[in-house]
Amino acid sequence: MFVGITNNPRDYAWGSSSAIADLLGTEPSGGPEAELWLGAHAGSPSRILDPATVGGAETLADWIAAEPATALGALHAGFREGDAPYLPFLLKVLAAASPLSLQAHPTIERARRGFAREDEAGVPADAPHRNYRDALHKPELIYALSDRFDALCGFRDVEEVRAVIAALAERDEATDGARRDLFDRVLGALAAGEGADGDGLREVFEWLSAGGDDVAALVERVIGAARDVAADGRFERELGVVALLAEAYPGDPGIVTSLLLNFVTLRRGEALYLPAGNIHAYLEGLGVELMAASDNVLRGGLTPKHVDVAELLEVLEFTPLPVPYLAPETPAPGVEVFRPDVPDFLLVRVALDDATGTAAVPLDGPAIAICTAGEIAVTGAVSQTSIERGQSVYVTPDEGRLSFSGRGELFLATVGDAPARTITG
């Protein structure tokens, strides 16, 4: 069964006013359009275009609650939040015109404990200071649709961090000859905690996150020194991020924190996978984002929202790691499969032209498809449909193997591999 769905983009302040509309051929709202949500998450469930086809349910969440066996198939017994069946993934089109907050997400075990703890403490579900909105984890992947998608992700090699901090200290000392001790404090912590476990990075991150007069002074000196270092061509990428963040979040400690992290520019077609504990921030660009259907975000800066440093420190993975690119499998011409190591989701990109002809993808659970270019016909075991640019459909698992034909580009979100498929909240 193919069920047409739609939604309105979320109007977060960091969103682009035109990128989503330009991609999908829709009329821009006139305000920021940050994220188009396609799924059943309570925060913004997709609307069903023709409720009569699903017994009158107006949203995908309502239909899943009313008819889980039809909407989710056999998975309705395996994916549950509390006593309720749920769709385990959320597909988004994300358009960042300015930086998002530094953030990380918990493991499912920690999410369960944190959610229960805050419930027992009587913290309201919608309280601004609540850390855990549900008992689920939130791994995610991002696929770049724009020619350039910039992000910070994970802690970088300590020697690289020391090199850029030392360059800033040198330039700051040369221009002002003052407060070298602030830079020395960071360099000393990195040297003392040098090792694969990231102890030095943890110490610096914790100090920066705590704020205070010394941290505020260091932020200002880093911003000033960065202009001088950038002028001589060194560390151009890192210092470009400092300038970007300083404009978006003046005085925020996250400006200095960014120097501890990997900076990556994705080109169109490249993807990142961000598991639990990976600190990250999207800076600018348009992409398809796919994640577990959770709203658990622990922020670490670059935001006016609640920051719980103690809880974040328990969640973060401080071990330096390379940029977490996710390479696709290519089972057939025109088909790419991005398969992370979780059962909640995987992403399929189908790109067809006269040379590729048709393509087929096995379906082992519910799915959501969005067409981003052209028009693609989709045929399953039970029915068929045609999806044009800007249109989206929900696919029930009884369609089984899907065949695609036409010319265009389509993204399909579905569940991960069956053997690992037991996630409950």
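Residues numbered from 1 in each chain as written. Predicted model: local features only at pLDDT ≥ 70, side-chain atom pairs only at ≥ 80, totals over all residues. Heavy atoms only, no water.

Caption draft 1: Fine view of the overall build of the chain. Secondary structure assignment for the chain yields 11 helices and 22 strands. In terms of overall dimensions, the chain is globule-like: its C-alpha atoms have a radius of gyration of 23 Å, near the 22 Å expected for 425 residues. For the chain, the spread of C-alpha atoms along the three principal axes comes to 75 × 55 × 40 Å. Sequence separation of at least 24 residues holds for 75% of the intrachain contacts in the chain that already meet a minimum separation of 6. As displayed, the chain has an accessible area near 17,000 Å², and 49% of this comes from carbon and sulfur atoms. Separation between the mean location of the 33 positive side-chain charges and that of the 64 negative ones in the chain comes to 1 Å. (Helix = DSSP H or I, 4+ residues; strand = E, 2+ residues; numbered from the N terminus. Rg over C-alpha atoms; globule rule 2.2 N^0.38 Å. Contact = heavy atoms within 4.5 Å. Areas by Shrake-Rupley, 256 points an atom, 1.4 Å probe, with all protein chains shown as cover. Lys, Arg positive; Asp, Glu negative; His and termini not counted. Charge placed at Lys NZ, Arg CZ, Asp CG, Glu CD.)

Caption draft 2: Examining unusual backbone geometry more closely. A positive phi angle, close to 55°, is found at Leu302, a residue other than glycine. Note that Leu302 resides in the loop between strand 13 (298–301) and helix 11 (309–315).

Caption draft 3: Structural context of the pattern of salt bridges. Counted according to the given criterion, the structure contains 16 salt bridges. The residue Glu311 makes a salt bridge to Arg110 at a minimum N-O spacing of 3.1 Å. One end of the pair, Glu311, is in helix 11; the other, Arg110, is in helix 4 (residues 108–120), with 201 residues separating them in the sequence. The exposure class assigned to Glu311 is buried, which follows from its relative accessible area of 9%. Between Arg180 and Asp184 there is a salt bridge, and its shortest N-O distance comes to 2.9 Å. Placement of both Arg180 and Asp184 in helix 6 (residues 180–192) is noted, with a separation of 4 residues, approximately one turn of the helix. Classification of Asp184 by relative accessible area gives partly exposed; the value is 36%. What you see here is one network of salt bridges that share partners, running through Arg268, Glu336, Arg349 and Glu409. (Salt bridge = Lys/Arg side-chain N within 4 Å of Asp/Glu carboxyl O. Buried < 20%, exposed > 50% of the residue type's maximum accessible area, 1.4 Å probe, protein only.)

Caption draft 4: Main features of helix 9 (residues 236–248). The first and last C-alpha atoms of helix 9 sit 18 Å apart over 13 residues, in line with the 18 Å expected at 1.5 Å per residue. Considered for burial, the residues of helix 9 that qualify are Glu238, Leu239, Val241, Val242, Leu245 and Ala246. Projection of helix 9 onto a plane perpendicular to its axis shows the buried side chains occupying an angular sector of 150°, all on one side. The outward face of helix 9, more than 90 degrees from its buried face, is lined by the exposed residues Glu236 and Glu247. (Expected span 1.5 Å × (residues − 1). Arc of directions from axis to C-beta.)

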